[in-house]
Amino acid sequence: MQKRYDQTCPVARTLDLVGDRWTLLIIRDLALGARRFSDFLANSPGLPPKVLSQRLKYLIEQAIVARTLEDGFPPRPRYELTERGETLLPVMQAIGRWGAENLYEGEEETRDRVLAAINRALPGFAG
């Protein structure tokens, strides 16, 4: 985990919670339907499994993510955003909108395709 800001500022405290590399992408994937460890690895090439384990454990400790076991043998872990975690979705939507509006110059077709896919999964995402 990264060094903490240790400030009273709410932005700094939020970054202490979700500002580590990969954390917001894990939250994004949960919002878009990822539920299993393998889903996260498939959606984020380059995400080391050890880092994913650490981030999920921390998000569970912070009541952002819940872990349950699916029926079956062996039981498989399933991850979901908690009610507290779901309160991050408007923040994620704002970051996504900002990125779509400001970081796709010359890639409008890609931007539109990405926004359409996200909007299918999260209605209202694009505005």
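In this report, the structure presented in the accompanying data block is examined. In this text, all values refer to a predicted model and were calculated from it rather than measured experimentally.

## Notes on the packing of helix α2 (residues 23-31) against helix α6 (residues 89-102)
A packed helix pair is summarised by two numbers, namely the angle formed by the two axes and the spacing between the axes.
Here comes step 1: Direction vectors running N to C along α2 and α6 enclose 105°, while the axes themselves pass 11 Å from each other. Considering their axes alone, α2 and α6 lie roughly perpendicular with respect to each other. Together, L24, I27, R28 and A31 of α2 and L89, M92 and I95 of α6 make up the contact between the two elements.
Here comes step 2: Tallied by class, residues from the contact of α2 with α6 come to 6 nonpolar, no polar and 1 charged.

## So, α6
Here comes step 1: Between the first and last C-alpha of α6 there are 20 Å, a value that for 14 residues agrees with the 20 Å anticipated at 1.5 Å per step.
Here comes step 2: Buried residues of α6: L89, M92, Q93, G99 and A100, and no others. Buried residues along α6 cover an arc of 130° about the axis, so they all sit on one side. α6 presents W98 and E101 as exposed residues on the side facing more than 90 degrees away from its buried surface.

## Concerning the nonpolar core
Here comes step 1: In this structure, I26, I27, L30, F40, I64, V65 and L81 are the most contacted members of the largest nonpolar core, which totals 24 residues.
Here comes step 2: Contributing elements (two or more residues each) for this core: α1 (10-18), α2, α4 (49-61), β2 (76-81) and α6.
Here comes step 3: The greatest single-element share of this core, amounting to 5 residues, is contributed by α4.

## Section: the side chain of D16
Here comes step 1: Here D16 lies in helix α1.
Here comes step 2: As a buried residue without a salt bridge, D16 has its nearest oppositely charged side chain in R4, at a separation of 4.8 Å.
Here comes step 3: A polar side-chain atom of D16 sits 2.7 Å from the main-chain amide nitrogen of Y5.
Here comes step 4: Apart from the residues within four sequence positions on either side, D16 is in contact with R4, Y5, D6 and Y58.

## Considering the packing of α2 against α4
Here comes step 1: Two numbers describe how α2 lies on α4: the axes approach to 10 Å, and their chain directions differ by 75°. Comparing the axis directions of α2 and α4 gives the class roughly perpendicular. Here T23, I26 and I27 of α2 come into contact with α4, specifically with L52, R55, L56 and L59.
Here comes step 2: Residue composition of the contact of α2 with α4, by class: 5 nonpolar, 1 polar and 1 charged.

Criteria and cut-off values
Residues numbered from 1 in each chain as written. Predicted model: local features only at pLDDT ≥ 70, side-chain atom pairs only at ≥ 80, totals over all residues. Heavy atoms only, no water. Axes fitted to C-alpha atoms, helices over the stretch in contact; angles between N-to-C directions. Helix = DSSP H or I, 4+ residues; strand = E, 2+ residues; numbered from the N terminus. Parallel < 35°, antiparallel > 145°, perpendicular 65-115°, else oblique. Contact = heavy atoms within 4.5 Å. Nonpolar A, V, L, I, M, F, W, Y, C, P; charged D, E, K, R; others polar. Expected span 1.5 Å × (residues − 1). Buried < 20%, exposed > 50% of the residue type's maximum accessible area, 1.4 Å probe, protein only. Arc of directions from axis to C-beta. Core = buried A, V, L, I, M, F, W, Y, C linked by side-chain atoms within 4.5 Å. Lys, Arg positive; Asp, Glu negative; His and termini not counted. Salt bridge = Lys/Arg side-chain N within 4 Å of Asp/Glu carboxyl O. Polar contact = N/O pair within 3.5 Å; in protein donor to acceptor, adjacent residues only side chain to side chain.

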